[in-house]
Amino acid sequence: MMELSEKQADFVAATANFVQKTLKNAEGGHDWFHTQRVYKNAMLIAKGEKVDLFIVALGALLHDIADSKFYDGDETVGPKIAQDFLDQHKVEKRVTDHVILIIKNISFKGGNRAKEFDSTELQVVQDADRLDAIGAIGIARTFNYGGFKNRKLHDPEVKPRMDMDAETYKKSAAPTINHFYEKLLLLKDRMNTETARKIAEDRHKYMEGFLEQFYGEWEGSR
Ligand code: NI
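The structure displayed is predicted, hence computed values, not measured ones. Each chain has its residues counted from 1, running along the sequence as written. Local features are withheld for residues below a pLDDT of 70 in this predicted model, meaning they are given only at 70 or higher, and side-chain atom pairs are given and counted only at 80 or more; totals for whole chains, interfaces and linings count all residues. Calculated side-chain values reflect all of the structure's heavy atoms, with hydrogen atoms and water omitted.

(A) Structural context of the packing of aromatic side chains. Stacked, edge-to-face and tilted labels apply to pairs of Phe, Tyr and Trp rings (six-membered ring for Trp) whose centres lie within 6.5 Å, assigned for plane angles under 30 degrees, over 60, and everything in between, in that order. Taken as a whole and judged by the stated rule, the model has ten aromatic pairs. Between F214 and W218 the ring centres are 5.8 Å apart and the planes differ by 20 degrees, which places this aromatic pair in the stacked class. Of the two residues, F214 and W218 both sit in helix α10 (residues 194–219), four residues apart, roughly one turn of that helix. You can call F214 buried: its relative accessible area is 15%. The classification of residues rests on relative accessible area computed with a 1.4 Å probe and restricted to protein chains. Under 20% of the type maximum is buried, over 50% is exposed, and intermediate values are partly exposed. Owing to a relative accessible area of 39%, W218 belongs among the partly exposed residues under this scheme. Three or more aromatic residues joined by ring pairs form one cluster here, namely F143, F180, F210, F214, Y215 and W218. Strands here are runs of E lasting at least two residues and helices are runs of H or I lasting at least four, both read from the DSSP assignment and numbered beginning at the N terminus.

Have a look at this one:
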């Protein structure tokens, strides 16, 4: 991993500033603090990989600059804001193009959509984002989102569905606990890098312990 030059480090700091301001009123699961955690995860994972650190840093900072669910599901808003910001600051086209591809391709949309682009930089940012979806933070974010969608915590009658395509997944009104089976518990096996895989193991065990405790309390046996 190469280090950032002084000029690059300055621009990364300016980008962090811009993102923090832009996400001032964002929802709790995708706010500045989420971005900050993803950035930290990404920097940690990047240490074990051969990547352009500048691209990883900018990709991590800009990956959730606009949450499509607040723009009528429009997924072009985020990449556009990022593109405008990078163009405005005359960032090299090679870097900007790569960062935009990261933003466009990072998301888990459910279903089995084929990957349209891949790079080690994308893999690092994707792992960093996925790590923030599991463990204690993942649990907190999941119930926060469930509350935002007015979903039940749990309903023993509604079984998890493993066959959802992207659209069904978005519209799903299933209880929040189901989300563990439909997404969160699958993430540890989807990590791209060794570093993320190791961290994911721990966070995965933590979620399994949480579910065990949850069902115990649900049944009144704990
Ligand atoms: Ni994210």
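(B) Region of the structure containing the nonpolar core. To form a nonpolar core, buried Ala, Val, Leu, Ile, Met, Phe, Trp, Tyr and Cys residues must be joined to one another through side-chain atoms within 4.5 Å. In terms of nonpolar packing, the biggest core is built from 52 residues, with V56, L58, L62, L86, V99, I134 and F180 touching the most fellow members. At the level of secondary structure, the elements contributing two or more residues to this core comprise α1 (6–22), α2 (32–46), α3 (53–62), α4 (77–88), α5 (93–105), α6 (120–131), α9 (176–182) and α10. Per-element accounting of this core gives the leading share, nine residues, to α3. By definition, residues are in contact when any of their heavy atoms lie within 4.5 Å. Once residues lying within four places of it in the same chain are set aside, the contact partners of L86 are F11, L58, L62, V91, T96 and V99.

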